[in-house]
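Fold and contact review
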Amino acid sequence: MSIKRGRQRARDTTVISTNTLSRIFREKEKHHHLHSSSCLLRPDLISSNMLRPLLFLFAVSELTGVHGNLCTVTGPSVIDISGNVNSVSDRCEYTLLQDQSAGFTLKANFLERRRRDVSFVDSLTLDFSEGADIQLLQGQMVMVGGSPVTLSGSVQTFNGVGLSKDQTGVTANISLNGSSVSVFFDGTTAQIYMDVPVGYTFTGLCADSSSSSSSRLSSDSSKCQLYNDAADDTINPTTVAQQCGVLSAAPFSSCNIHVDPEPYMAACRSTLNKYPAVDGLRCQFLKAYAKACQKSQATVQNWWTAAKCHHPEPICQDKCSDHEFCGDIHGNTDCRCRAIYASQYTEQNRLGGPTVCKDNTASLTLVGCLLKENGIDYNHLHLNDKTCTGVMDPESHMLEFSFSSDSCGTEVMTNNSQVIFTNAVVTRNSSSDLITRQDKVYIEFSCSHPAPELQNVAFNILDNSVKVFLQSGEWHYSLTMKAYSDAAQTQLLGPKSDVRLNQKIWIVLETEGLDAEVVSVVTDSCWATSDESPTSVPRYDLITDGCANTADGTVQVMGNGQGTSNSFSFNMFEFSGKEPSEVYLHCQLQLCLNKNNICEPGCSGSARRRRSLRYRRGAPALISMVWTP
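About the criteria used
- Residues numbered from 1 in each chain as written.
- Predicted model: local features only at pLDDT ≥ 70, side-chain atom pairs only at ≥ 80, totals over all residues.
- Heavy atoms only, no water.
- Helix = DSSP H or I, 4+ residues; strand = E, 2+ residues; numbered from the N terminus.
- Contact = heavy atoms within 4.5 Å.
- pLDDT = per-residue confidence, 0-100.
- Axes fitted to C-alpha atoms, helices over the stretch in contact; angles between N-to-C directions.
- Parallel < 35°, antiparallel > 145°, perpendicular 65-115°, else oblique.
- Left-handed = near helix turned anticlockwise from the far one by under 90°.
- Nonpolar A, V, L, I, M, F, W, Y, C, P; charged D, E, K, R; others polar.
- Pairing = 2+ DSSP bridges.
- Buried < 20%, exposed > 50% of the residue type's maximum accessible area, 1.4 Å probe, protein only.
- Phe/Tyr/Trp six-rings, centres within 6.5 Å; stacked < 30°, edge-to-face > 60°.
- Lys NZ or Arg CZ within 6 Å of the ring centre and 35° of its normal.
- Core = buried A, V, L, I, M, F, W, Y, C linked by side-chain atoms within 4.5 Å.
- Disulfide = S-S within 2.5 Å.

Its place among the elements puts His382 in strand β19 (residues 381-382). Setting aside residues no more than four positions away along its own chain, His382 makes contact with Cys388, Thr389, Phe401, Ala424, Val425, Val426, Thr427 and Arg428.

Another point: the confidence of the model for the protein chain. Interpreting fine coordinate detail is not advised for predicted regions of low pLDDT. Chain-level pLDDT for the protein chain is 80 on average; 77% of the residues reach the 70-or-more range. The model gives residues 430-437 a pLDDT under 50, and that stretch makes zero contacts with residues more than four places away or in other chains.

Contact pair helix α5 (residues 237-245) / helix α6 (residues 262-272): the axes reach a minimum separation of 9 Å and the direction vectors enclose 150°. Classed by the angle they form, the pair α5 and α6 counts as roughly antiparallel. Read as a crossing pair, α5 and α6 show a hand that is right-handed. Along its contact with α5, which presents Val240, Ala241, Gln243, Cys244 and Gly245, the element α6 presents Met265, Cys268, Arg269 and Leu272. A class-by-class count of the residues in the contact of α5 with α6 yields six nonpolar, two polar and one charged.

The strand order across the open sheet formed by four strands is β17-β18-β21-β20, and the pairing between neighbours is antiparallel. For this open sheet the edge positions go to β17 (356-358) and β20 (391-392), each flanked by a neighbour on one side alone.

Our focus in this paragraph is the pairing of strand β32 (residues 565-571). Taking burial as the measure, the seven residues of β32 include six buried ones, the bulk of the element. Sheet analysis places strand β27 (residues 504-512) next to β32, joined by seven bridges and oriented antiparallel. Opposite Lys504, over in β32, you have Asn571 as the bridge partner. As judged from the three bridges shared by strand β31 (residues 556-558) and β32, these two strands associate in the antiparallel manner. Across the sheet, residue Val557 finds its bridge partner in β32, namely Phe568. Here β31 folds back onto β32, and the loop between the two strands holds six residues, one of which, Gly559, carries a positive phi near 70°.

So, on to the packing of aromatic side chains. To describe a pair of aromatic rings, one takes the distance between the centres and the angle between the planes. Under the counting rule described, the total for this entry stands at 13 aromatic pairs. Measuring from centroid to centroid gives 4.9 Å for Phe120 and Tyr275, while their planes differ by 70°, and the two rings are edge-to-face. In this pair, Phe120 sits in strand β6 (residues 119-128) while Tyr275 sits in the loop between α6 and α7 (281-295), placing the two residues 155 residues apart along the sequence. Tyr275 gets classed as buried once you look at its relative accessible area, which sits at 1%. Centre to centre, the rings of Tyr264 and Tyr289 are 5.3 Å apart; their planes meet at 75°, and the pair counts as edge-to-face. Remark: Tyr289 occurs in helix α7 and Tyr264 occurs in helix α6; sequence separation between them is 25 residues. For the pair Tyr264 and Tyr289, one class covers both residues: buried. Put simply, the rings of Phe252, Tyr264, Tyr289, Trp303 and Trp304 touch in pairs and so form one group of aromatic residues. Here the basic side chain of Lys291 rests over the ring of Phe184, its NZ or CZ set 4.0 Å away from the ring centre.

The subject of this paragraph is the nonpolar core. Counting 46 residues, the largest nonpolar core has Leu381, Phe568 and Phe570 as the members making the most contacts within it. Ignoring anything within four residues of it in the chain, the contact list for Phe568 reads Ile505, Trp506, Ile507, Cys526, Leu542, Ile543, Gln556, Val557, Met558, Leu585 and Cys587. Counting residues in hydrophobic clusters, the runner-up holds 42 residues, among them Val73, Leu126, Phe158 and Val181.

It is worth spelling out the sheet that holds β6 at this point. Within a sheet, adjacent strands bond to each other through the backbone by hydrogen bonds, running parallel or antiparallel. In spatial order, the strands read β4-β5-β6-β7-β8-β9; together these six strands make up an open sheet with antiparallel pairing. Bordering the open sheet on either side are β4 (93-99) and β9 (147-149), each of which pairs with just one other strand. Taking each pair of neighbouring strands and ignoring which way they run, the sheet shows an average axis angle of 25°. Sheet analysis places β4 next to strand β5 (residues 104-112), joined by six bridges and oriented antiparallel. Its bridge partner lying in β5, Thr95 is registered against Lys107.

Before going further, it helps to spend a moment on the environment of Leu126. When you line up the elements, Leu126 lands in strand β6. On the accessibility criterion, Leu126 (0% relative accessible area) is buried. Discounting residues that sit within four places of it in the chain, Leu126 has contacts with Phe104, Thr105, Leu106, Asp133, Ile134, Leu136, Val161, Ala172 and Ile174.

Mapped onto the elements, Gly103 comes out in the loop between β4 and β5. Considering only alpha carbons, one finds Gly103 and Asp127, 24 residues apart in sequence, at a separation of 8.3 Å. Not counting residues up to four positions away in its chain, the partners in contact with Gly103 are Asp127, Phe128 and Ser129.

Counted according to the given criterion, the structure contains 12 disulfides. The disulfide that involves Cys244 links it to Cys268, with 2.0 Å between the sulfurs. The disulfide joining Cys244 to Cys268 has a torsion of about -70° about its S-S bond and is therefore left-handed. Placement of Cys244 in helix α5 and of Cys268 in helix α6 is noted, with a sequence separation of 24 residues between them. Assessed through its relative accessible area of 0%, Cys244 is described here as buried.

Below, the structure written as structure tokens:
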């Protein structure tokens, strides 16, 4: 809500000044600082005509902008220039101060911390209609036009704004139509001091802290969503009143005549009655009041010692990610998880996301701040193989573990038609350590895929080789068939190759994309027909039950069931009495799941017998080749 313009605005300004000055009269009467002979000067004993010049006098001499020109935003609370207190309850972005004539808007973004239903001022944006915007972020980080800048105690000017930083926070000084505005931000509290003339008009929460609806900027409804967490039964209202009430006692009482402590105590009580007094929150409100006193030239000396607060407050230097905030973790200042972000994991009693499976690899991502909050040092974690440790992303603070089916101590199991890869994140356990301060961690994760199946595909000899890409469930692989005229497999046979009767040829069947540790390719049978159909007659067998036809002494089978490729050879022939004499070669292949090395067919002599190979008989691959004289 803006301060009203023209004559009405002047009347409103007078009302504000009268109320404020009356309070000052009462404070001064209480402290016996105003005397008229032996009588106290009291507003109720002064006529209206006498009061107006006195009000003007005090407006100039006593209230040169303390309440009229100072706006404080601390935690969820906004104390506007009139001393009124209201709270922001969502995670939206709001206008704190806007001067349309100068093309300037000061915006504040609010985010949650430990509770989803209590928001804190998290960053400020100095938005200029002309020139680069300036952002004041957590960890005393400053961005100008989207790029980080390094500040020191000396003032540096960017886009006409003087920026500086000390151990307490960052200060930005700007000039609006000849009037100075100072913005201070320490990551928890924003204070805006305006040295402006009477009649200066602006809008935003600093003008009226109750104008949240008109000052809200965010269009993202998810950010403006309201939450209602369960009440914290550890909070004692009596204790909260005592903690916040110290602002009216020494050493702060020396400033009470200059800066009314009640708005700050009200903001303190409102927040601490819902949110626990952790992460230096109690001291945050005391510091905000002390900073307001400093602006009014009434510095409170050594208040942090009396209040048992850190000075300066510890901060997380430029290292917390967007889903984290700087807080206390087991007595140390570090990055904690924001409540809304953490809830997606904690509500399911998890420390990270689900396992991501792809082909024969898997990965698991754990949330760094959740590990810290649970007292887990990620440097002590590894997979079954101790050499396989997680990789921490320096920006997102996410810890990723990854493995394949043949690495990091992965266990491969089969369950009917499923192939299951299993591994676990565990705590380092060194027998040389006399003591340990790490809890034991065991997080098992696995991937389950359908066993890959070769699909029915027919090949002709075209060019020098043929490759077909296949997919079965999560598996992506290719199957290639090649024919060679030499044992070294260097001379490929193509459409124009001459193959003579009784010439030995070598057939190679190989796959790519299958894990040899998990599956093997078994050439189950190969036979020749004089017609394109594999079921036509006559039929001549070259390989049966994975073994060479002993009746044909030219057939040799190599590497069958020993990996993801195998081969065989035979001497070329033709069918008697067939014109034209075409020979169609057909092979049926299976994929066998490796376990105890039982995928290789038993083909030793006449006593050979068929092993019970573990593959599905319902989906063989049929491969055909044709030779035409």
